[in-house]
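# Summary of the model geometry
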Amino acid sequence: MEELLDILRELHPDVDFENCGNLIDGKILDSIDIVTLVAEIGDAFDVEVPAEELTPENFNSAQALWAMIQRLDEA
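Right, let's walk through the structure included here.

When its secondary structure is counted, the chain shows four helices and zero strands. Helices and strands in the chain line up, N terminus first, as α-α-α-α. A compact globule built from 75 residues would reach a C-alpha radius of gyration of about 11 Å, and the chain, at 11 Å, matches this within 12%. Seen through its C-alpha atoms, the chain measures out along the principal axes to roughly 30 × 25 × 20 Å. Looking at the chain as a whole, 39% of its 75 residues qualify as buried. Put simply, 55% of the contacts in the chain that link residues at least 6 apart link residues at least 24 apart. Surface exposure of the chain reaches about 4500 Å², of which carbon and sulfur atoms provide 49%.

What follows deals with helix α4 (residues 62-74). Here α4 spans 18 Å end to end across 13 residues, near enough to the 18 Å set by a 1.5 Å rise per residue. Listed as buried for α4 are Ala62, Ala64, Leu65, Met68, Ile69 and Leu72. Relative to the axis of α4, the buried residues are bounded by an arc of 160° and lie together on one face. Check the buried side of α4 and you find it contacts α1 (2-11), α2 (31-45) and α3 (56-59).

Mapped onto the fold, isoleucine 69 is located in helix α4. Sequence separation between isoleucine 69 and glycine 42 is 27 residues, and the spatial gap between their C-alpha atoms is 9.2 Å. Not counting chain neighbours up to four residues away, the residues in contact with isoleucine 69 comprise Leu4, Ile41, Phe45 and Val47.

Moving on, we come to the pattern of salt bridges. Evaluation of the coordinates by the stated rule reveals four salt bridges. Between arginine 9 and glutamate 18 there is a salt bridge, and its shortest N-O distance comes to 3.0 Å. Residue class for arginine 9 comes out partly exposed when judged on its relative accessible area of 29%. On the accessibility criterion, glutamate 18 (45% relative accessible area) is partly exposed.

Now for the nonpolar core. Residues Leu4, Leu8, Leu37, Ile41, Phe45, Leu65 and Met68 are the most contacted members of the largest nonpolar core, which totals 21 residues. Breaking this core down by element, the ones donating at least two residues are α1, α2 and α4. Examining the composition of this core, we find that five residues originate from one element, α4, more than from any other. Excluding its chain neighbours within four sequence positions, the residues that come into contact with isoleucine 41 are Leu4, Asp46, Val47, Val49, Leu65, Met68 and Ile69.

Calculation criteria
Residues numbered from 1 in each chain as written. Predicted model: local features only at pLDDT ≥ 70, side-chain atom pairs only at ≥ 80, totals over all residues. Heavy atoms only, no water. Helix = DSSP H or I, 4+ residues; strand = E, 2+ residues; numbered from the N terminus. Rg over C-alpha atoms; globule rule 2.2 N^0.38 Å. Buried < 20%, exposed > 50% of the residue type's maximum accessible area, 1.4 Å probe, protein only. Contact = heavy atoms within 4.5 Å. Areas by Shrake-Rupley, 256 points an atom, 1.4 Å probe, with all protein chains shown as cover. Expected span 1.5 Å × (residues − 1). Arc of directions from axis to C-beta. Salt bridge = Lys/Arg side-chain N within 4 Å of Asp/Glu carboxyl O. Core = buried A, V, L, I, M, F, W, Y, C linked by side-chain atoms within 4.5 Å.

The structure is reproduced here in structure tokens:
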């Protein structure tokens, strides 16, 4: 999880990712951020994020992102 938080902090150092639950709904992350995140997650965790996982629910919080990464890692 810490590696994911580091990736997120590189994108937006001013955001408290540990407590923020509206990264998409609050327009904190934009489409460029999502593309960057998908690439960084793939590199860091050796998982591929398929298009069907690109939902606001999966990207609205660090916890949701972490859950998605773990789910993809098990597949």
